[in-house]
2 protein chains.
Amino acid sequence: MSGRVERVRARMGELGVDALLLSLGPDLPWLTGYEGTPLERLTMLVLPADSDATLVVPRLEAPRVEPPGWVVLRPWEETEDPIGIVAGLVGAAESLAVSDQTWSRFVLALQAALPRARWRPSSLVTASLRAVKDAGEIAALRAASAAADRVAEQLLRGEIALVGRTEAEVSVDLGRRLRAEGHERVNFAIVGSGPNSASPHHEPGRRVIGRAEAVVCDFGGVFDGYCSDITRTVFTAEPPAEFRDLYLAVERAQAAAVDAATVGMPCEDVDGVARRIIDEAGYGPYFVHRTGHGIGVEAHEDPYLVGGNCEPLAAGHAFSIEPGIYLDGRWGARIEDIVVATAAGPDALNRVAHDLVVVEA
Amino acid sequence: MSGRVERVRARMGELGVDALLLSLGPDLPWLTGYEGTPLERLTMLVLPADSDATLVVPRLEAPRVEPPGWVVLRPWEETEDPIGIVAGLVGAAESLAVSDQTWSRFVLALQAALPRARWRPSSLVTASLRAVKDAGEIAALRAASAAADRVAEQLLRGEIALVGRTEAEVSVDLGRRLRAEGHERVNFAIVGSGPNSASPHHEPGRRVIGRAEAVVCDFGGVFDGYCSDITRTVFTAEPPAEFRDLYLAVERAQAAAVDAATVGMPCEDVDGVARRIIDEAGYGPYFVHRTGHGIGVEAHEDPYLVGGNCEPLAAGHAFSIEPGIYLDGRWGARIEDIVVATAAGPDALNRVAHDLVVVEA
């Protein structure tokens, strides 16, 4: 984490931000190593551009905080008003940036307490800094992806029973395996089977997985502070030609987008590469989401590979490449890997094969 | 959920709220049965006081939404601007209430798009409605507490090994048992051993639990949509007299506060009952948190049993009673049950015994 606070202060200077206010979300742990608890009790770091930072924290959380040297701890008691404490620390500062995931109730209360302040999201300061990963961060992402790969391999080898179990059971199983492979937290384990495979963010439920069905498994978590995220789609019998055709379009689009993810390529053009292949295969209207998202301490962060984002990829950008095709009520497929843009070309952190695999277990 | 939207509209009328905007947090699932995904893609229900409601939702989430009849679905595409869509639905409405946990980035963007609007937190509308549970909700809370009780009994019977395992291992074990007893989600499983038992919100870590230590276990989750939350403190050998003395003060304070939680009693007076007993036992400065919090679809909600909250308890209020004493660096203890205020007196939903139990396993 060394150097991060200096880079943050420099960027605050460029943007004319007088104070950064970090509560929930990834900016606070990225900067200080401490993650606030999502509670009605406010946790907030107040980082003025040119003086010491203070972490306002509920007293009963304070024993587990080990702030870096540049942070002063200010525990607040149950009958104190943390909004007043933060407002006092902000003082006369007027240009404020508050972390993107801060609960609205705290922002509205702070706006009332600081009527002259102008508010912007902290991502304006932090997103471009967080998006470019250093060597240590890339190593952490690589380790997280390798752990997710080990679970994906178990899936493709048929070691995770599918047929006859509910999606929810398989989802819990995937989560348990992510933990067994070293993840400290499971972010999601989507299992969409049969017609549910056509719902990209399907909530795994009581549906029992049958034979001759597509099963989309999209799972990831946090491993030593950095996120994994992988998707593989399998079929629970020899797939019909129609599904093979759809799958091949996804596979080709995914591979081409990975190849296109070179330094300097605008994000939207990487999306365009995947989209054109799927369009040309006749599935254009059924690729209903962007091609990818950045990843790091947060599961989704800058840069987003989506139409309209003309930002060029930089060395150290880490992101998913995950095109999919979804035929409503019938079936769908998605393939996802995490990729890092480097001077030597795109570096795919996930190494599990992409071929369509039959899992009859 | 029947009748909830009518009660919400009535309360909006009383408060002069023109439109309710619900994104993350418990208000949306409480009102519609649908829980938004915590993502950079906005999900938001727009409920005007006097016209139909619209749920603005990312297209890839839309397949898993089954909105009630009074909600129109408005999926948005990856290249659309959801802020503009919400602003269009709000129209000329000026007095807005936004759900308390909505991410600040969305509130700031909506404030920029709707410069004439006045913003309040949605809890102003919903908190007092959600705090009073109906018979079905009390049954759900009772079932959640009974499931948590079964895990607590396993702990007290020594079926959950403590000595020689890390706090993190025991925490995972508690979570697994909550799921095995029917919880669909684990909210937390705090395990604080030895000196960590003096940290009320301790993050279970690599510390190996030893003999002759206090172990505070505070765990809960979601069971059929409603939360459980229970704390028991055990000792891993015959406890010394000093710890017995501390524990007895907690036990007496907890029992007295439960007895005091009658309809009409101001919340802060229930807190005062527990605090006075702990004060008189000489541990006043070491009871560093409030006595309890409301519970329902959310783990912590109104009413809060804390100094300064003079709201009287009403029939149907459900809340925790959880005093604790924490001697920094040494040990601590807490006992927590969920209680419902009823016309017939306080009804404790957790039934596991409070005696100090020795777990030598």
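Keep in mind the model is a prediction, meaning the values are calculated, not measured. (Residues numbered from 1 in each chain as written. Chains lettered and ligands numbered in written order. Predicted model: local features only at pLDDT ≥ 70, side-chain atom pairs only at ≥ 80, totals over all residues. Heavy atoms only, no water.)

*Asks:* What's the story with the packing of helix α6 (residues 135-156) of chain B against helix α7 (residues 167-180) of chain B in this structure? I'm lost.
*Replies:* All names here are of chain B. Where α6 contacts α7, the two axes come as close as 9 Å, and the packing angle between them is 135°. One element, α6, and the other, α7, form an angle in the oblique class. Crossing of α6 against α7: the hand is right-handed. In this structure, α6 uses Ala148, Val151 and Gln154 to contact α7, whose residues at the interface are Leu174, Arg177 and Leu178. By residue class, the composition of the contact of α6 with α7 is four nonpolar, one polar and one charged. (Axes fitted to C-alpha atoms, helices over the stretch in contact; angles between N-to-C directions. Helix = DSSP H or I, 4+ residues; strand = E, 2+ residues; numbered from the N terminus. Parallel < 35°, antiparallel > 145°, perpendicular 65-115°, else oblique. Left-handed = near helix turned anticlockwise from the far one by under 90°. Contact = heavy atoms within 4.5 Å. Nonpolar A, V, L, I, M, F, W, Y, C, P; charged D, E, K, R; others polar.)

*Asks:* When you look at unusual backbone geometry in this model, what are you seeing that I'm missing?
*Replies:* Most peptide bonds adopt trans geometry, and most residues besides glycine take a negative phi value. Residues and elements named next belong to chain A. The residue after aspartate 302, namely proline 303, is reached through a cis peptide bond having omega -5°. Locating proline 303 in the fold gives a position in strand β12 (residues 301-305). Here the phi dihedral of aspartate 224 falls at roughly 50°; this positive angle occurs in a residue that is not glycine. In this fold, aspartate 224 is placed in the loop between β8 (214-223) and β9 (226-227).

*Asks:* Please explain the pattern of salt bridges as it appears in this structure.
*Replies:* It is possible for side chains of opposite charge to pair when their charged atoms get near one another. All told, the structure shown has 56 salt bridges over all chains when counted by the stated rule. Between Asp347(B) and Arg142(B) there is a salt bridge, with its nearest N and O atoms 2.9 Å apart. Of the two residues, Asp347(B) is situated in strand β17 (residues 345-348) and Arg142(B) in helix α6; the sequence distance between them amounts to 205 residues. Judged by relative accessible area, which is 17%, Asp347(B) ranks as buried. Taking the relative accessible area as the measure of exposure, Arg142(B) reaches 34% and is therefore partly exposed. Several salt bridges converge on common partners, so that one network encompasses Asp27(A), Arg130(A), Lys133(A), Glu298(A) and Glu301(A). (Salt bridge = Lys/Arg side-chain N within 4 Å of Asp/Glu carboxyl O. Buried < 20%, exposed > 50% of the residue type's maximum accessible area, 1.4 Å probe, protein only.)

*Asks:* Just checking my understanding: could you explain the interface of chain B and chain A for this structure?
*Replies:* A common measure of how large an interface is: the accessible area buried when the components associate. With 37 residues of chain B at the interface, the matching set in chain A holds 37 residues. Across the chain B/chain A interface, buried area totals approximately 3,400 Å², and carbon plus sulfur atoms make up 57% of it. Three residues, Leu60(B), Leu108(B) and His201(B), lead the burial of chain B against chain A; their summed loss comes to 17% of the area buried on that side. Counting the contacts that link chain B with chain A gives four salt bridges. Two residues, Glu203(A) and Arg64(B), come together in a salt bridge whose shortest N-O distance is 3.4 Å. (Buried area = accessible area lost by both parts, 1.4 Å probe.)

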